[in-house]
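# An overview of the molecular structure
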Amino acid sequence: MIPDSFVQDLLARVDVVDVVGKYVQLRKGGANLLGLCPFHNEKSPSFTVSPTKQFYHCFGCGAHGTAITFLMEHTGASFPEAVRSLAANVGMVVPEEQRSPQQQVRAREQKAEVNRHQQVLEKAQARYLALLRESQDAIAYLKQRGITGKTAKLFGLGWSGHDRSGLKQVFDNYDDPLLTEAGLVIESDDGRRYDRFRERIMFPIINAKGNLIGFGGRIIGKGEPKYLNSPETPLFNKGQELYGLWENRQGIRQEGCVLVVEGYMDVVGLAQQGIGFAVATLGTATTPTHIQKLLRTSDRIVFSFDGDGAGRRAAWKALNVCLPFLRDDISLRFLFLPNEHDPDSFVRDLGPEAFHKELAQSRVLSTFLLEELASRHNLNEAEGRAACLHEARPLISAIPASGIRTQIENDFAKLVSLTSAELLTDLARFEEAAQKRQDWQKSLPEAPEKNQGAAQDGSPFGSGFGSPFDLAPASFEPKPSARYGRAGSRRGGRQVTPLARRLIKLLASNLELVHKITDQQLEVLGFSPQFAYVREFIAFAQTTQATHLAALIQRAEPGSEIANMLTGLTIDSFDEDALPDPAAEWNDALRKIEFERLNQDKENLVAGGLTTAVDRERYKAINARIRLLK
């Protein structure tokens, strides 16, 4: 594990401008630098890098993070790989936290296991490629599907052969358990072993780093299943990968759009016809991880499904997964082809131009959502409209606060004969009840075991501010507009008031203030519950060695509310000038807080009549403190 203190020291020495500048041409734009976003296709620069905050953010696609995050997202490096790469650039040696001999052995074993898996997959791929060159049946099948040798080479297509144990020709020890662990060989109950893939066109599955992690196979004769994937392995998780994302990365960027289809051959066939911006899920429904990867690739996503019942059900599931990721600056659409066609056959029969016309006429997500809801209920009667509203509540509530959510709310209100205000009131009641249920569930004794990442007191800062650096952190997706509006209120849970938000923003942008806060100031912040978040932020920041906001975000629990809020603060303050005297601003704010509280206490004492000696002494002390503050 990489020590947290080292990560903080590294981020203090590394300049995010230098890191990003190796991949993106940057130009001066006020206090920040601007460039074309490397994560989505754009013609005018919306990608901003802040030298003072050591943070980047794209106002087009929402990509954001630190120098470490940039290397992970842009190059596909793991967290440890990104840290080691940055450390090498600044002459630092990455230490390892003290681990037991058993832990060290296990780490070496895991690394060796990954290497072994990689090697056996590469060996199998070499055989599949060689067999394709020799198989007239496989070549004839690809030609029948319109696939040329150039396209087959681009996607690394191969042929598994007919032999039940053909991989014996490659591996001296066919009984090696590693072959079953890698998903290449199946062992039956009676102990006999045979190749998993036979009589199939082989599609190598490549991850974001360009490494082979598994296979898909398409049978060309009779037999089931038509498509067969590698099983889950240490390298391969089908719910996290998209076929064609590596091969079509340039086409996606040039088109500014990514098309999501259902099959390997759809991806390959579309590329053959010049439509090189398609990807496919690997025999599984669309997952949140898929959506995150797609949105990092393009801000325009089109899901293509068959027009039959099964296709519409798959599209509806994909829509549900998309809702929490909706933003005003992205486009999610759904394309339903005629029942007799899949994307590959449509393009082969009718041509790329006809397919592009279908793409242009695809339904936007909001239209598909409202049409589907309307089709499920009788909107001519009150009961049907009420049932429609019942189904829609969790769907609309899943959408972050945004312009698109407002538009959907207004259109849906008309659909069920409500005013927009009536619908908002109804949704607020639903979300409040849902939050109460969630809070109640958290209060159960089992909660600490089920939710290790949350503090038991409900704090958004995570339990003990634990270090996330023992594993590569998942990319977080902050939605500051949903969680923390301009006024600072958060949907569900506790509120961050405008004043508390301003104080956190001041401290986050000037972290040196955190270590100069006096006990008296902490006591002042304890006057009101509205400053609980500020006190928690101070405690959190004091546990780190962060010297700038990006390093503080890197220290926060990935995806936690504190990480999301800090990211939102960073984005909001990109174009703000540095304060000439932040310490004076902080001290002045604390004086005002104390002054208002003392005046309130004074008014309460006067209202009570100052009948006791204690009250009168307290009144005098308050007056003296007020004069001092003035």
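Here's what I pulled together on the structure shown here.

Parameters at a glance
- Residues numbered from 1 in each chain as written.
- Predicted model: local features only at pLDDT ≥ 70, side-chain atom pairs only at ≥ 80, totals over all residues.
- Heavy atoms only, no water.
- Axes fitted to C-alpha atoms, helices over the stretch in contact; angles between N-to-C directions.
- Helix = DSSP H or I, 4+ residues; strand = E, 2+ residues; numbered from the N terminus.
- Parallel < 35°, antiparallel > 145°, perpendicular 65-115°, else oblique.
- Left-handed = near helix turned anticlockwise from the far one by under 90°.
- Contact = heavy atoms within 4.5 Å.
- Nonpolar A, V, L, I, M, F, W, Y, C, P; charged D, E, K, R; others polar.
- Salt bridge = Lys/Arg side-chain N within 4 Å of Asp/Glu carboxyl O.
- Buried < 20%, exposed > 50% of the residue type's maximum accessible area, 1.4 Å probe, protein only.
- Phe/Tyr/Trp six-rings, centres within 6.5 Å; stacked < 30°, edge-to-face > 60°.
- Pairing = 2+ DSSP bridges.
- Core = buried A, V, L, I, M, F, W, Y, C linked by side-chain atoms within 4.5 Å.
- Polar contact = N/O pair within 3.5 Å; in protein donor to acceptor, adjacent residues only side chain to side chain.

A few words on the packing of helix H3 (residues 67-75) against helix H4 (residues 79-89). Two elements in contact, H3 and H4, have axes whose closest approach is 9 Å; the angle formed by their N-to-C orientations is 120°. As judged from the angle between their axes, H3 and H4 are oblique. Along this stretch, H3 crosses H4, giving a crossing that reads as right-handed. In contact with Ala67, Ile68, Leu71 and Met72 of H3, H4 contributes Phe79, Ala82, Val83, Ser85 and Leu86. Class assignment of the residues belonging to the contact of H3 with H4 gives a composition of eight nonpolar, one polar and no charged.

With that out of the way, let us pick up the pattern of salt bridges. Taken as a whole and judged by the stated rule, the model has 24 salt bridges. Between Arg312 and Glu372 there is a salt bridge, with the nearest N and O atoms lying 3.3 Å from each other. Pair noted here: Arg312 is in helix H12 (residues 309-322) and Glu372 is in helix H15 (residues 365-375), with a separation of 60 residues, a long-range link. Judged by relative accessible area, Arg312 falls into the partly exposed class, the value being 26%. With relative accessibility at 10%, the residue Glu372 sits in the buried group. Where Asp588 meets Arg591, a salt bridge forms, and the shortest distance between an N and an O atom there is 3.7 Å.

Going through the model one piece at a time under the given rule, you end up with 19 aromatic pairs. With 6.5 Å between their ring centres and 55° between their planes, Phe39 and Phe47 make a pair best called tilted. Taking the relative accessible area as the measure of exposure, Phe39 reaches 5% and is therefore buried. Residues Tyr56 and Phe70 carry aromatic rings whose centres are separated by 5.5 Å and whose planes lie at 85° to one another, so their mutual orientation is edge-to-face. Of the two residues, Tyr56 sits in strand E4 (residues 55-58) while Phe70 sits in helix H3, which places them 14 residues apart along the sequence. This pair shows no difference in class: Tyr56 is buried, exactly as Phe70 is. Taken together, the ring pairs in this structure connect Phe303, Phe305, Trp316, Phe334, Phe336 and Phe368 into an aromatic cluster.

A two-sided burial pattern is seen for strand E3 (residues 47-50), the buried positions comprising Phe47 and Val49 on one face and Thr48 and Ser50 on the other. Pairing of strand E2 (residues 32-35) with E3, which is carried by three bridges, proceeds in the antiparallel orientation. Each residue of the ladder has a partner; that of Gly35, found in E3, is Phe47. In terms of strand pairing, E3 meets E4 through four bridges, oriented antiparallel.

Now for helix H10 (residues 264-272). Of all nine residues in H10, eight are buried, a share of seventy percent or more. Buried residues of H10: Tyr264, Met265, Asp266, Val267, Val268, Gly269, Leu270 and Ala271, and no others. Positioned one or two residues after H10, Gly274 has a phi angle of 90°, which is positive.

The next thing to look at is the nonpolar core. Counting residues in each nonpolar core, the largest one holds 99 residues, and the members touching the most others are Leu157, Leu184, Tyr243, Phe334, Phe355 and Phe412. Residues within four places of Phe334 in sequence aside, it is in contact with Phe303, Phe305, Ala315, Ala318, Leu319, Ser362, Arg363, Leu365 and Phe368. Counting residues in hydrophobic clusters, the runner-up holds 71 residues, among them Leu86, Met92, Ala550 and Ile553.

Tracing the chain through its elements places Glu232 in the loop between strand E11 (227-229) and strand E12 (242-243). A residue is classified by how much of its surface remains accessible, and Glu232, at 47% relative accessible area, is partly exposed. Among the polar contacts listed, one links the side chain of Glu232 to the backbone nitrogen of Lys238, at a separation of 3.2 Å.

The next thing to look at is the sheet that holds strand E9 (residues 200-206). Hydrogen bonds between backbone atoms are what pair the strands of a sheet, whose relative direction is either parallel or antiparallel. Ordered in space as E6-E9-E10-E11, the four strands form an open sheet in which the pairing is antiparallel. Among the strands making up the open sheet, the edge pair consists of strand E6 (158-159) and E11. As paired strands, E9 and strand E10 (residues 212-219) are joined by seven bridges and run antiparallel to one another. Following the sheet pairing, Ile205 is matched in E10 by Gly214. In this fold H10 packs onto E9, E10 and E11, with an angle of close to 85° to the strand it touches most, E9.

Judged by pairing direction, the sheet is antiparallel, and its five strands sit side by side in the order E1-E2-E3-E4-E5 without closing on themselves. In this open sheet, the two strands that pair with only one neighbour each are strand E1 (27-29) and strand E5 (64-65). With respect to the sheet, H3 is in contact with E3, E4 and E5, its orientation differing from that of E4 by roughly 45°.

This part takes up the side chain of His117. The topology assignment puts His117 in helix H5 (residues 101-134). The class of His117 is buried, set by a relative accessible area of 1%. Not counting the four nearest positions on each side in its chain, His117 is found in contact with Leu178, Glu181, Ala182, Pro234 and Leu235.

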